[in-house]
Amino acid sequence: MDFRLNEEQQMLQDTVARLVRGEYSFEKRLEYSETDLGFSAEFWQQLSELGLTAVPFPEELGGFGGSGVEVQSVMTELGRGLCLEPYLQSVILGGGLISQAGNDSQKAQWLPGVASGELKVAVGLDEPQSFYNLNDVSTRAEKSGDGYTLNGRKAVVLGGHCADLLIVSARSAGDVRDPDGLSLFAIDPNAAGIERRTYPTIDGAKGCDIILNNVKVSADARLGEEGKAGEVIEYQTGRAIAALCAEAVGVMEEAIRLTLDYLKTRKQFGVPIGKFQVLQHRMVDMSSELEQARSMAILAASVADNEQSIERRRTLAAAKNVIGRAGQFISEQAIQSHGGIGMTWEYSFAHYAKRLIMINHQLGDDDHHLEQFTALMQATH
Amino acid sequence: MNLNYTAEELAFRDEVRAFLDDQLPADIAAKVKGFKHLSKDDHQRWQRILSKQGWYATHWPTEYGGVEWSPVQKHIWDEESCHYGVPRSIPFGVNMVAPVIIRFGNEAQKQQYLPRILSGEDWWCQGYSEPGAGSDLASLKTRAVRDGDHYIVSGQKTWTTLGQHANMIFCLVRTNTEVKAQEGISFLLIDMDTPGITVRPIITLDGEHEVNEVFFEDVKVPVENLVGEENKGWTYAKYLLTYERTGLAGIGLSKAGLEHLKALATRRLKNGRPLIEDTTFGQRIAQIEIDLMAASISNLRIVAAVEGGGMPGAESSMLKVRGTEIRQSINDLARRAIGVYALPFVEEEMSLDYDGEPLSDENAAPLAAQYFNNRKLSIFGGSNEIQKNIVTKMILEL
């Protein structure tokens, strides 16, 4: 058994770390966040030039061949820099859905662009009523002519404001929470009938709600078999969960590093506050949570690209549950350890604290994944 | 033992309710209940209504225009006003500096400042914390050097809540550096318009401007603005802190927050059913309600002890810790209840006059920001760690 990265994986992680350190100072991040794009086009370009946007794709697309461990290395470093680029949405989730469900011509049409970073994909799976249950889809896809008409609303599509291609789930059959009857559609964000309500997110990124009002798409916009998208969505959001866990570990490591540094330098009552036992033990608890989170991020990465199984589903639900709880614990305890200064906009730490809470609102919170895990346990005992 | 209100207390509660039904402006209550931002004008409008009723200065003796409510009456007012959506009172003038002036100030200071606090002419802020003096408040460094009829004040205060609206600030300043830290502190009243004072905003992680830094550069303050005796300021500061600590537990606010949370969880859906009916989420709410029930009785026990002539002691420190934890868990659940909609930061929806279609739930927009903002509850007013130190010393004698 060996938990170390191999030489290539270590080089990959070092490359991303160097790039993030060089290009993603806290001040620059605030500037990127305030632009209309909401991230750095230049940094995205650099990720592309170094082949990093191609990491999960096969070699013929310039990639490394799709292992969860490489993705983990990239995501942890992007997390450490609080990077705003749509890597998770476009490369992992968008690229993953096209790779798994797309036919040969769709793959040929879109994957080279996704892998090179030229084509940014955003994915709309949540809906206003869905509360993390991605089978809870009321967006309708009605057959019309040789294509479909889409009606409905997709909630909080991160990166949707600037995407070149949107992938949305819609229902062509079944009741509103039926796992069967879902289909995926790849659509032009500028198609007639699409309204985007764009906003910044509280953790500095951008997204939008997408309202589909009689949007006409042709049959070749459908990704995969009609009505059979449920499994694809579950599998690919599982890969995205593993990637998000890896990002969270990078965010936690930096949040803890900053907090520890503060405890060593901030003096009250004539001593560094890190000399107070109550803060020491709190720091130990935060570090233990980080260890738990690291372990689960590693485990999640190791199963992310396995064939679907109960064990894979259990593992990913468990990982997201641990990451969600650890993230909230570290965020809250680190703010408290800082005192008021930990709540100020001008200090990078506060933005790490916000990102950790918001990671728990993406792809299901700790409660949601505890329920998923429980249901699998009850179905198999 | 009798846990019920007396007939007189019930009559008082009816009077409070009748007043609020009749006098609380609906627009202000709606903003409070929807967590919208209140303007300076909103605060002042409500203050004038309270003053007219004679209910503004609940901590003052009647001779200065106060109400002299009993602890139970104050408690009833707190519960009812939170329930109705009364704006949080800005405590720095009426509940903080005024009791100090009444107790330790001279006649001229009482004549000058108390009527202006009652009428709302003066907006006070607090100059206690400094960049180097937070939990260790006594280590403060802002200097006041006597020069004829004036003190010359130099230094910096921080975390000054709503200092951007204030025209007066009460400050702890160092007037003697030769003695033990606590023995060289004085209590000064300073006009914010005096040359040499600069207020700089501190933006918090939720994008809000609520606190400030205040810089003093050779600021001339007349000696008559000294409260009590020179170098006795620490005693006055501690006296003031006992006033600050009462109410920090926010039991009334938690009760109002819980009602709001239940309404939200009734509107939000999970698997097609109201979220409040979901076992996991329902139990999370129930657990908070149970803890709040206990804290509420703990609070009443303190109220009753004070009513019987006792002093609120270290028990109020325990209640501050518990009470702020409960408020924070209510904010946590409200943020959780909106799922992915915790992410969007739609600032215009949080403003007073937004009349567009809400992105999701009508009350969703400020919930994540409010969760982050209220991390301050366990930090300010003596951090929860400091409160625990007080309990350690005063009750456990460890």
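The rules we used
- Residues numbered from 1 in each chain as written.
- Chains lettered and ligands numbered in written order.
- Predicted model: local features only at pLDDT ≥ 70, side-chain atom pairs only at ≥ 80, totals over all residues.
- Helix = DSSP H or I, 4+ residues; strand = E, 2+ residues; numbered from the N terminus.
- Rg over C-alpha atoms; globule rule 2.2 N^0.38 Å.
- Buried ≥ 20, exposed ≤ 12 C-beta atoms within 10 Å, placed from the backbone.
- Contact = placed C-beta atoms within 7 Å.
- Domains from an automatic or database assignment.
- Nonpolar A, V, L, I, M, F, W, Y, C, P; charged D, E, K, R; others polar.
- Pairing = 2+ DSSP bridges.
- Expected span 1.5 Å × (residues − 1).
- Axes fitted to C-alpha atoms, helices over the stretch in contact; angles between N-to-C directions.
- Parallel < 35°, antiparallel > 145°, perpendicular 65-115°, else oblique.
- Left-handed = near helix turned anticlockwise from the far one by under 90°.
- Core = buried A, V, L, I, M, F, W, Y, C linked by C-beta atoms within 7 Å.
- pLDDT = per-residue confidence, 0-100.

1. Comments concerning the overall build of chain B
Right, on to step 1. Within chain B one finds 13 helices and 10 strands.
Right, on to step 2. Relative to the globule expectation of 21 Å for 398 residues, the C-alpha radius of gyration of chain B, 22 Å, shows essentially globular dimensions.
Right, on to step 3. Considered along the principal axes of its C-alpha atoms, chain B spans approximately 75 × 50 × 50 Å.
Right, on to step 4. Residue burial in chain B is summarised as follows: out of 398 residues, 41% are buried.
Right, on to step 5. Here the contacts in chain B between residues at least 6 apart in sequence split such that 71% fall between residues at least 24 apart.

2. Comments concerning the overall build of chain A
Right, on to step 1. In terms of regular secondary structure, chain A is built from 11 helices and 10 strands.
Right, on to step 2. The C-alpha radius of gyration computed for chain A amounts to 21 Å, which stays within 12% of the reference 21 Å derived for 381 residues, consistent with globular compactness.
Right, on to step 3. Principal-axis analysis of the C-alpha atoms gives chain A an extent of 80 × 50 × 40 Å.
Right, on to step 4. Looking at chain A as a whole, 55% of its 381 residues are labelled buried.
Right, on to step 5. Considering only contacts within chain A whose residues lie at least 6 apart along the sequence, 74% involve residues at least 24 apart.

3. A short note on the domain arrangement of chain B
Residue and element names in this part refer to chain B.
Right, on to step 1. The domain boundaries assigned to chain B delineate domain 1 (7-89), domain 2 (123-231) and domain 3 (246-394).
Right, on to step 2. Here the C-alpha centre of domain 3 lies 32 Å away from the C-alpha centre of domain 2.
Right, on to step 3. Contacts between domain 2 and domain 3 engage 6 residues on the former and 5 residues on the latter.
Right, on to step 4. For the side of domain 2 that touches domain 3, the residue count by class is 1 nonpolar, 3 polar and 2 charged.

4. Here's the deal with the interface of chain B and chain A
Right, on to step 1. If you look at the interface, chain B gives 34 residues, while chain A gives 37 residues.
Right, on to step 2. Taken together, the elements giving at least two residues each to the side of chain B that touches chain A come down to strand S6 (197-203), strand S9 (269-270) and helix H12 (367-373) of chain B.
Right, on to step 3. Looking at which element gives the most residues to the side of chain B that touches chain A, the answer is H12(B), with 3 residues.
Right, on to step 4. When grouped by side-chain class, the residues that make up the side of chain B that touches chain A number 17 nonpolar, 11 polar and 6 charged.

5. As for the pairing of strand S1 (residues 121-124) of chain A
All names here are of chain A.
Right, on to step 1. Because side chains alternate across S1, one face comprises the buried residues Val-121 and Val-123, and the other comprises Ala-122 and Gly-124, equally buried.
Right, on to step 2. With 4 bridges joining them, S1 and strand S4 (residues 165-171) adopt parallel strand pairing. Bridged to Val-121 within S4 is Leu-165.

6. Digging into the domain arrangement of chain A
Residue and element names in this part refer to chain A.
Right, on to step 1. By the assigned domains, chain A splits into domain 1 (7-119), domain 2 (122-228) and domain 3 (230-380).
Right, on to step 2. Summarising the inter-unit geometry, the C-alpha centres of domain 1 and domain 2 are found 23 Å apart.
Right, on to step 3. Taken together, the contact between domain 1 and domain 2 spans 16 residues of the former and 14 residues of the latter.
Right, on to step 4. Contributing elements (two or more residues each) for the side of domain 1 that touches domain 2: helix H5 (87-101) and helix H6 (104-116).
Right, on to step 5. Examining the composition of the side of domain 1 that touches domain 2, we find that 7 residues originate from one element, H5, more than from any other.
Right, on to step 6. When its residues are assigned to classes, the side of domain 1 that touches domain 2 shows 9 nonpolar, 7 polar and no charged.

7. Observations regarding unusual backbone geometry
All names here are of chain B.
Right, on to step 1. Unlike most non-glycine residues, Glu-68 shows phi in positive territory, near 55 degrees.
Right, on to step 2. At Asn-231, a position not held by glycine, the phi torsion is positive, near 70 degrees.
Right, on to step 3. Positionally, Asn-231 belongs in the loop between strand S8 (226-227) and helix H7 (233-245).
Right, on to step 4. On the neighbour-count criterion, Asn-231 (17 C-beta atoms within 10 Å) is partly exposed.

8. Overview of the environment of Lys36(B)
Right, on to step 1. Tracing the chain through its elements places Lys36(B) in the loop between helix H2 (26-33) and helix H3 (40-53).
Right, on to step 2. Here the alpha-carbon distance between Lys36(B) and Leu24(B), two residues 12 residues apart in the chain, equals 16 Å.

9. Looking at helix H8 (residues 277-303) of chain A
All names here are of chain A.
Right, on to step 1. The end-to-end C-alpha distance of H8, which contains 27 residues, comes to 39 Å, matching closely the 39 Å that a straight helix rising 1.5 Å per residue would cover.
Right, on to step 2. Every buried residue belonging to H8 is among Leu-279, Met-286, Glu-289, Leu-290, Ala-293, Arg-294, Met-296, Ala-297, Ala-300, Ala-301 and Val-303, and all of these are buried.
Right, on to step 3. Where H8 is buried, its residues meet helix H4 (68-80), helix H7 (229-265) and helix H9 (310-338).

10. Remarks on the packing of helix H8 (residues 251-267) of chain B against helix H10 (residues 315-337) of chain B
All names here are of chain B.
Right, on to step 1. Where H8 meets H10, the axes come as close as 10 Å, and the angle between the chain directions of the two elements is 15 degrees. It follows that H8 is roughly parallel to H10 by the angle criterion. In this structure, H8 crosses over H10, and the sense of that crossing is left-handed. Taking contact as the criterion, the partners of Ile-251, Leu-253, Ser-254, Gly-257, Leu-258, Leu-261, Leu-264 and Ala-265 in H8 are, on H10, Gly-323, Ile-326, Arg-327, Ile-330, Leu-333, Ala-334 and Ala-337.
Right, on to step 2. Partitioning the contact of H8 with H10 into residue classes produces 11 nonpolar, 3 polar and 1 charged.

11. Details of the nonpolar core
Right, on to step 1. Formed by 151 residues in total, the largest nonpolar core has its most connected members in Phe185(A), Cys245(A), Met252(A) and Ala300(A).
Right, on to step 2. Among the elements that take part in this core, H7(A) stands out by supplying 17 residues, more than any other.
Right, on to step 3. Here Cys245(A) is in contact with Met296(A), Ala297(A), Ala300(A), Ala319(A), Lys320(A) and Ile323(A), once residues within four sequence places are set aside.
Right, on to step 4. In terms of nonpolar packing, the next biggest core, distinct from the first, is built from 51 residues, Val94(B), Ile117(B), Val153(B) and Phe216(B) among them.

12. A closer look at the packing of H8(A) against H9(A)
Residue and element names in this part refer to chain A.
Right, on to step 1. Following both chains from N to C, one finds H8 and H9 inclined at 155 degrees, their axes separated by 8 Å at the closest point. Overall, the two elements H8 and H9 adopt an arrangement that is roughly antiparallel. Of the two elements, H8 crosses H9, and the hand of that crossing is left-handed.
Right, on to step 2. Taken together, the residues of the contact of H8 with H9 sort by class into 19 nonpolar, 4 polar and 4 charged.

13. Topic: H7(A)
Right, on to step 1. Look at H7(A): 53 Å from first C-alpha to last across 37 residues, which is about the 54 Å you get at 1.5 Å a residue.
Right, on to step 2. The buried fraction of H7(A) is high, at 27 of 37 residues.

14. What to know about the pairing of strand S3 (residues 147-158) of chain A
Residues and elements named next belong to chain A.
Right, on to step 1. Pairing between strand S2 (residues 140-144) and S3: 5 bridges, direction antiparallel. Along S3, the bridge assignment pairs Arg-140 with Asn-151.
Right, on to step 2. Hairpin connection, S2 to S3: the antiparallel pair is bridged by 2 residues, and Gly-145 has positive phi, about 60 degrees.
Right, on to step 3. As paired elements, S3 and strand S7 (residues 206-218) share 9 bridges and run antiparallel to each other. Each bridged residue has a counterpart across the sheet, and for Gly-152 the counterpart in S7 is Leu-212.

15. Some details on the environment of His75(B)
Right, on to step 1. Examined against the element boundaries, His75(B) turns out to sit in helix H4 (residues 71-84).
Right, on to step 2. C-alpha separation for the pair His75(B) and Leu300(B), spaced 225 residues apart in sequence, amounts to 8.1 Å.

16. What to know about the confidence of the model for chain B
Right, on to step 1. Considering every residue of chain B, the mean pLDDT works out to 93; 99% of them sit at 70 or more.
Right, on to step 2. Predicted complex, confidence summary: ipTM 0.97, pTM 0.96.

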